[in-house]
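Survey of secondary and tertiary structure
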Amino acid sequence: MQAKVAEIAPDTYRISAFHPDYGIEFNQFLVNDDEPFLMHTGFRKSFPTTLEAVRSIVDPAKLRWVGFGHFEPDECGALNEWLAVAPQATALCNFVGSMVMLNDFADRPPRVLADGEVLPIGRHRLRLLSTPHVPHGWDACLYFDETERTLFCSDLFFQPGEREPLIEAGIVERAREAIQGGLAGPMAKDLPYTPDTHGALQRLAALAPRTLAVMHGSSFRGDGRAALLGLGAAIDELLGGRSTGA
Ligand SMILES: [Fe+2]
Ligand SMILES: [Fe+2]
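The residue numbering used here restarts from 1 in each chain and proceeds along that chain's sequence as written. To label them, take the chains in the order written and letter them from A, then take the ligands in the order written and number them from 1. Local features are withheld for residues below a pLDDT of 70 in this predicted model, meaning they are given only at 70 or higher, and side-chain atom pairs are given and counted only at 80 or more; totals for whole chains, interfaces and linings count all residues. Hydrogens and water molecules were not included; the side-chain quantities draw on all heavy atoms of the structure.

1. Digging into the coordination of the iron ion (ligand 1)
- Donor atoms from the polypeptide that coordinate the iron ion (ligand 1) comprise His70 (NE2), Glu72 (OE), His136 (NE2) and Asp155 (OD), at 2.0 to 2.2 Å from the metal.
- The donor set comprises N, O and S atoms within 2.8 Å of the metal, extended to 3.2 Å for Na, K and Ca; water molecules are omitted, so apparent gaps in a site may simply reflect that omission. A four-donor site is classed as tetrahedral when every donor-metal-donor angle falls between 85 and 135 degrees; four donors are called square planar, and six octahedral, when trans pairs exceed 155 degrees and all remaining angles lie between 65 and 115, with any other arrangement labelled irregular. Angles of 86 to 160 degrees at the metal separate the four donor atoms of the iron ion (ligand 1), which places the site in the irregular class.
- The metal-metal distance between the iron ion (ligand 1) and the iron ion (ligand 2) comes to 3.8 Å, with Asp155 coordinating both. One end of the pair, His70, is in the loop between strand E5 (65-67) and helix H2 (73-76); the other, Asp155, is in the loop between strand E11 (150-152) and strand E12 (166-167), with 85 residues separating them in the sequence. Each member of the pair, His70 as well as Asp155, carries the same accessibility label: buried. In this text, helices come from DSSP runs of H or I with a minimum length of four residues, and strands from runs of E with a minimum of two, each type numbered from the N-terminal end. For the exposure calls, accessible area comes from a 1.4 Å probe over protein chains only, and a residue counts as buried if that area is under 20% of its type's maximum, exposed if over 50%, partly exposed in between.

Written as structure tokens, this is what we have:
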């Protein structure tokens with residue numbers, strides 16, 4: 001298997017592998033800066049593929065930070081493989097992520113970031129946002145690159161199939177269709193609707209991202225605020241059974 005690499009924002013590379021068995025893409029993102037940051041490790045079994053793709057951008061041994069959205073194999077399954085090839089690499093997570101997952105799972109201790117804490121990696125500044133159970137997982141968090149206004153949004157805006165790297169319109173419609181289509185399938189209930197879901201989407205929208213880096217499907221460039229409000233409204237309606245008009 002070979003991954004496709006595309007620059008979707010300055011210094012920000014999308015590494016995409018389509019898995020026919022799943023019928024979806026698994027995308028990692030590399031921010032190539034003084035201290036290179038990898039968002040999602042990909043599956044442990046896909047490590048050779050991801051490694052070769054990263055090597056086409058930067059020496060993998062120079063990787064400094066590994067972030068992910070929540071503890072699942074596509075998000076962080078290859079974490080220890082990355083810690084092995086990159087001696088300076090450190091996993092990033094929030095408090096719950098460290099206490100519940102990484103303190104045991106990771107071969108080296110993670111760096112724990114507080115909600116809203118900023119990590120400068122050179123020109124880029126990454127802000128961790130804790131988003132419990134959005135899209136899912138107690139430990140859920142997302143990263144926002146304040147420099148280029150890129151939101152690494154994990155499973156939010158999920159789109160099945162093999163997609164183009166970057167689109168500038170139609171992402172809310174695709175995401176809405178995917179949520180609706182998934183409701184009756186065997187993978188339903190991937191996104192729990194809690195009293196905090198609406199507020200979490202509003203908080204992300206207030207960041208006004210310029211690029212949405214999506215884990216499964218196309219990334220988006222444009223009005224990220226409107227896209228996140230649109231996604232929030234779709235989730236409120238389809239999963240929460242309420243119309244917010246947001
Ligand atoms: Fe997930
Ligand atoms: Fe995922």
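And the narrative resumes.
2. Section: the sheet that holds strand E6 (residues 90-93)
- The sheet built from seven strands is open, its strands ordered E1-E2-E3-E4-E5-E6-E7 with mixed pairing. Each having just a single partner strand, strand E1 (4-9) and strand E7 (111-112) make up the two edges of the open sheet.
- Direction of pairing for E5 relative to E6: parallel, over a ladder of two bridges. Pairing of Val66 across the sheet is with Ala91, part of E6. Pairs of strands are assigned from DSSP output, requiring at least two bridges between the strands.

3. Section: the packing of aromatic side chains
- For this analysis, a ring pair means two rings from Phe, Tyr or Trp (six-membered ring only for Trp) whose centres lie within 6.5 Å, classed as stacked if their planes differ by under 30 degrees, edge-to-face if by over 60, and tilted for the remaining angles. Considering all chains together, one arrives at eight aromatic pairs under this definition.
- The rings of Phe29, Phe37, Tyr143 and Phe152 are connected pair by pair, giving a single aromatic cluster.
- Criterion for a charge above a ring: Lys NZ or Arg CZ within 6 Å of the ring centre, and within 35 degrees of the ring normal. The ring of Trp65 has Arg64 lying over it, and the distance from NZ or CZ to the ring centre is 4.0 Å.

4. Some points on the coordination of the iron ion (ligand 2)
- In this structure, Asp74 (OD), Asp155 (OD), Met215 (SD) and His216 (NE2) serve as the protein donors to the iron ion (ligand 2), at separations of 2.1 to 2.6 Å.
- Read in sequence order, the donor residues for the iron ion (ligand 2) give the motif D-x80-D-x59-M-H.

5. Observations concerning helix H7 (residues 224-238)
- By definition here, a helix of n residues has an expected span of 1.5 Å times n minus one. Compared with the 21 Å implied by 1.5 Å per residue over 15 residues, the 21 Å span of H7 between its first and last C-alpha is a close match.
- Of all 15 residues in H7, eleven are buried; the element is thus mostly enclosed.
- Buried within H7 we find Gly224, Ala227, Leu228, Leu229, Leu231, Gly232, Ala233, Ala234, Ile235, Asp236 and Leu238.
- Working rule for contacts: check all heavy atoms of both residues, and any pair within 4.5 Å makes them a contact. Tucked inside the fold, the buried residues of H7 contact E11, helix H5 (171-182), helix H6 (197-205), strand E13 (211-213) and strand E14 (219-221).
- In protein, a polar contact requires one atom able to donate a hydrogen and another able to accept it; more generally it is a pair of N or O atoms within 3.5 Å, and residues adjacent in sequence count only if both atoms are side-chain atoms. At the N-terminal end of H7, a side-chain oxygen is found 3.2 Å from the backbone nitrogen of Arg225, two or three residues along, and the residue is Asp223.

6. With respect to the sheet that holds E13
- Pairing is mixed across the open sheet formed by seven strands, whose spatial order is E8-E9-E10-E11-E13-E14-E12. In this open sheet, the two strands that pair with only one neighbour each are strand E8 (118-120) and E12.
- As defined by bridge partners, E11 adjoins E13 across three bridges and the pair is classed as parallel. By the bridge assignment for E13, Phe152 is matched with Ala213.
- With axes taken as lines fitted to C-alpha atoms, and helix axes fitted only over the stretch in contact, angles between N-to-C directions fall between 0 and 180 degrees. In this fold H7 packs onto E11, E13 and E14, with an angle of close to 50 degrees to the strand it touches most, E13.

7. A word on the pattern of salt bridges
- Note on definitions: salt bridges are taken to be side-chain nitrogens of Lys or Arg within 4 Å of carboxyl oxygens of Asp or Glu. Taken as a whole and assessed by the stated rule, the structure comprises 14 salt bridges.
- Linking Glu168 and Arg221 is a salt bridge whose minimum nitrogen-to-oxygen distance equals 2.8 Å. You can see Glu168 sitting in the loop between E12 and H5 and its partner Arg221 sitting in strand E14, a full 53 residues away along the chain.
- In this structure, the salt-bridge partner of Asp236 is Arg242, at a minimum N-O distance of 3.8 Å.
- Since its relative accessible area comes to 0%, Asp236 is described here as buried.
- Looking at Arg242, the relative accessible area reads 38%, which means it is partly exposed.

8. A short note on a nonpolar patch on the surface
- Each patch is built from residues lacking any salt bridge and having more than 30% relative accessible area; the joining distance is 9 Å for like charges and 5 Å for nonpolar side chains (Val, Leu, Ile, Met, Phe, Trp, Tyr). Where accessible areas are quoted, they stem from the Shrake-Rupley method and a 1.4 Å probe; at the residue level, only the protein chains shown are allowed to cover. There is a patch of nonpolar side chains on the surface, built from Phe95, Met99, Val100, Val112 and Trp138 and spanning about 530 Å² of accessible area.
- With three residues, the single largest contributor to the nonpolar patch is helix H4 (residues 95-105).
- Tracing the sequence through the fold places Val112 in strand E7.
- Taking relative accessible area as the criterion, Val112 reaches 35% and is therefore assigned partly exposed.

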